[in-house]
Amino acid sequence: MTAPAALSVPPARRRGRFSVHLFLTAVSLAFLAPLLLAVYASLRPYEETAAHGYFSLPRHLSFDYYKQAFVDSGMSKYFLNSLVIAVPGVLLTLFLASFVAFAVSRLRIRGGIVLLMVFTAGNLLPQQVIVTPLYVLFNKIPLPYWMSDSLTMYDSLWAVIAVQVAFQLGFCVFVLANFMRTLPREILEAAIVDGAGVWAQYWRVTLPLCRPALAALGTLQFTWMYNDFLWGLVFLSEGDKLPVTSALNNLRGQFFTDYNLLAAGSVLVALPTILVFLLLQRHFIAGLTLGASKG
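So, here's what we can say about the structure. Note that residues are indexed from 1 along each chain, following the sequence as it is written. At least 70 in pLDDT is required for a residue's local features to be given in this predicted model, at least 80 for side-chain atom pairs to be given and counted, and no such filter applies to totals for whole chains, interfaces and linings, which use all residues. Heavy atoms from the whole structure form the basis of all side-chain values; hydrogens and water molecules are not counted.

**What about the nonpolar core?**
- Residues enter a nonpolar core if they are buried and are Ala, Val, Leu, Ile, Met, Phe, Trp, Tyr or Cys, with the set joined through side-chain atoms within 4.5 Å. Working definition: with a 1.4 Å probe on protein chains only, accessible area under 20% of the residue-type maximum means buried, over 50% means exposed, and in between means partly exposed. Counting 64 residues, the largest nonpolar core has F138, V163, L176, Y226, W231, F235 and V244 as its most contacted members.
- Strands are runs of DSSP state E lasting at least 2 residues, helices are runs of H or I lasting at least 4, and numbering of each runs from the N terminus. Ranked by the residues each element gives to this core, the list is headed by helix α8 (residues 157-181), at 13 residues.
- Any two residues whose heavy atoms approach within 4.5 Å at even a single point are treated as in contact. For V244, the contacting residues outside a window of four places in its chain are M75, Y78, F79, S82, Y226 and V269.

**A closer look at the pattern of salt bridges**
- By salt bridge we mean one thing: a side-chain nitrogen of Lys or Arg within 4 Å of a carboxyl oxygen of Asp or Glu. Counted according to the given criterion, the structure contains four salt bridges.
- Between D240 and K77 there is a salt bridge, with the nearest N and O atoms lying 3.0 Å from each other. Here the residue D240 occupies a position in the loop between α12 (230-235) and α13 (259-279), and K77 occupies one in helix α5 (residues 75-105), the gap between them amounting to 163 residues.
- Classification of K77 as partly exposed rests on a relative accessible area of 38%.
- Salt-bridge contacts for K241 lead to D149; the nearest nitrogen and oxygen are separated by 3.6 Å. Placement of the pair is K241 in the loop between α12 and α13 and D149 in the loop between α7 (131-140) and α8, with a sequence separation of 92 residues.
- A network of salt bridges, in which partner residues are shared, links D149, D155 and K241.

**Here's the deal with the packing of helix α11 (residues 211-227) against α13**
- Working convention: axes come from line fits to C-alpha atoms, limited for helices to the stretch in contact. Angles between N-to-C directions cover 0 to 180 degrees. Interaxial distance between α11 and α13 falls to 10 Å at its minimum, and their mutual angle equals 170°. Taken together, the axes of α11 and α13 lie roughly antiparallel to each other. Contact residues: T219, F222, T223, Y226 and N227 in α11; V269, P272, T273, V276 and F277 in α13.
- Residues are grouped as follows: nonpolar covers Ala, Val, Leu, Ile, Met, Phe, Trp, Tyr, Cys and Pro; charged covers Asp, Glu, Lys and Arg; every other residue, Gly included, is treated as polar. Grouping the amino acids of the contact of α11 with α13 by side-chain chemistry returns six nonpolar, four polar and no charged. Relative orientations are named as follows: roughly parallel for angles under 35 degrees, roughly antiparallel for angles over 145 degrees, roughly perpendicular for angles from 65 to 115 degrees, and oblique for any other angle.

**Let's talk about the packing of aromatic side chains**
- Whether two aromatic rings pair depends on their centres lying within 6.5 Å, for rings of Phe, Tyr and Trp, where Trp uses its six-membered ring; planes under 30 degrees apart make the pair stacked, over 60 edge-to-face, and the rest tilted. All chains considered together, the criterion is met by 15 aromatic pairs.
- Where W199 meets W203, the ring centres are 5.6 Å apart and the plane angle is 10°; that geometry is what we call stacked. Linking W199 with W203, this pair stays in helix α10 (residues 198-209), spanning four residues, or about one helical turn.
- Judged by relative accessible area, W199 falls into the partly exposed class, the value being 47%.
- Measuring from centroid to centroid gives 5.6 Å for F222 and Y226, while their planes differ by 15°, and the two rings are stacked. On the criterion of helical spacing, the pair formed by F222 and Y226 is a turn pair, its members being four residues apart in helix α11. Of the two residues, F222 and Y226, both sit in the buried class.
- One aromatic cluster is present, formed by F95, F99, F102, W199, Y202 and W203 through successive ring pairs.

**What to know about the packing of α10 against α11**
- At a closest axis distance of 5 Å, the pairing of α10 and α11 adopts a crossing angle of 70°. In terms of orientation, α10 and α11 fall into the roughly perpendicular class. Of the residues in α11, those in contact with L207, P208 and L209 of α10 are R211, P212 and L214.
- Considered class by class, the residues forming the contact of α10 with α11 number five nonpolar, no polar and one charged.

**Digging into the state of the cysteines**
- Cysteine sulfur atoms are paired as a disulfide whenever they come within 2.5 Å of each other. As enumerated under the stated definition, the model contains zero disulfides in all.
- Free of any disulfide, C172 has its nearest neighbouring cysteine sulfur in C210, separated by 12 Å.

**Observations concerning the side chain of N81**
- Secondary-structure assignment places N81 in helix α5.
- We classify N81 as buried; its relative accessible area is 10%.
- At a separation of 2.7 Å, a polar atom in the side chain of N81 contacts the main-chain carbonyl oxygen of D240.
- Aside from chain neighbours lying at most four places away, what touches N81 is D240, K241, L242 and P243. Polar contact criterion, stated in full: a pair of N or O atoms within 3.5 Å, where within protein one must be able to donate a hydrogen and the other to accept it, and residues adjacent in sequence count only if both atoms are side-chain atoms.

**Remarks on the side chain of T49**
- For T49, the position within the fold is in helix α3 (residues 46-52).
- In terms of polar contacts, T49 uses its side chain to reach the backbone carbonyl oxygen of Y46, at 3.0 Å.
- Apart from residues lying up to four places away in sequence, T49 is in contact with R44, Y54 and N260.

**Some remarks on a nonpolar patch on the surface**
- Patch membership requires over 30% relative accessible area and the absence of a salt bridge. Like charges are linked within 9 Å, and nonpolar side chains (Val, Leu, Ile, Met, Phe, Trp, Tyr) within 5 Å. Note on areas: these come from Shrake-Rupley sampling with a 1.4 Å probe, and a residue is covered only by the protein chains present in the view. Taken together, the side chains of L32, L35, L36, L271, I274, F277 and L278 make up a nonpolar region of the molecular surface, amounting to roughly 590 Å² of accessible area.
- Put simply, the parts of the chain that give the nonpolar patch at least two residues each are α2 (11-42) and α13.
- If one sorts the elements of the nonpolar patch by residue count, α13 sits on top with four residues.
- Within the secondary structure, L32 is located in helix α2.
- Its relative accessible area of 42% is what places L32 among the partly exposed residues.

**A short note on the environment of Y135**
- Among the structural elements, Y135 can be located in helix α7.
- What makes Y135 partly exposed here is its relative accessible area of 37%.
- Measuring from C-alpha to C-alpha, the distance between Y135 and G122 comes to 19 Å, with 13 residues separating the pair along the chain.
- Among residues more than four places away in sequence, those in contact with Y135 are Y154, V234 and F235.

Right, dumping it as structure tokens:
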């Protein structure tokens, strides 16, 4: 009879694994601590935490703050604004980035490395540097009345979507280009032998193989675009068009701020990103671990 696999592991290796798991658990709790504290505070009345502190034992728990935060901030319309910005922005970014990455990594076009460096270098430019030029530019770009009430790109969701796509495109091109280089070249050659054109090679052969990477990038891009506050504040002047992150400002009073109410609003704002991660968790983890091992 053979000993169980667990008993065959040397004691030193078991102690090493235990130390690694202990370290990862401590790091996970450190990252979750602010979220857990916000959830805990959102369930308690402000008077209680003001009298006994945020780390005291609860005497009364309720979901009243969540209802109040959702109603007082008008969060429903802001949720819709953020989805109108994030969903098309993510789809357009992934489509354009995958197209450029395919041309750079699979078609071996002339100057492909230089093009990849240009897209990557765009991520090194601080966003705050071009706020003023973009503000002036968007005020001069005309749009029809059915696309913008101001008849320009300024004060329209199109401006926010365009900026989000432009800034996130370089990172996605860099990741997808490197991922596509790991795909077997023989698959593309077989498709060419079968008569597949460039579009078929991209849409029907390469993209299905990139599904884990696209899911991982889609999760990250949705989180970044949904949580963005700067561009909506700069390019949208009407309050009804602002993203959901700006709705939290409606919960701050002029002379007093109920931070428990603000915590409830913050948890509500974070729910869509948590839901997207849970739905794409399997693909997200697969996309992060691809290329970690061979064979």
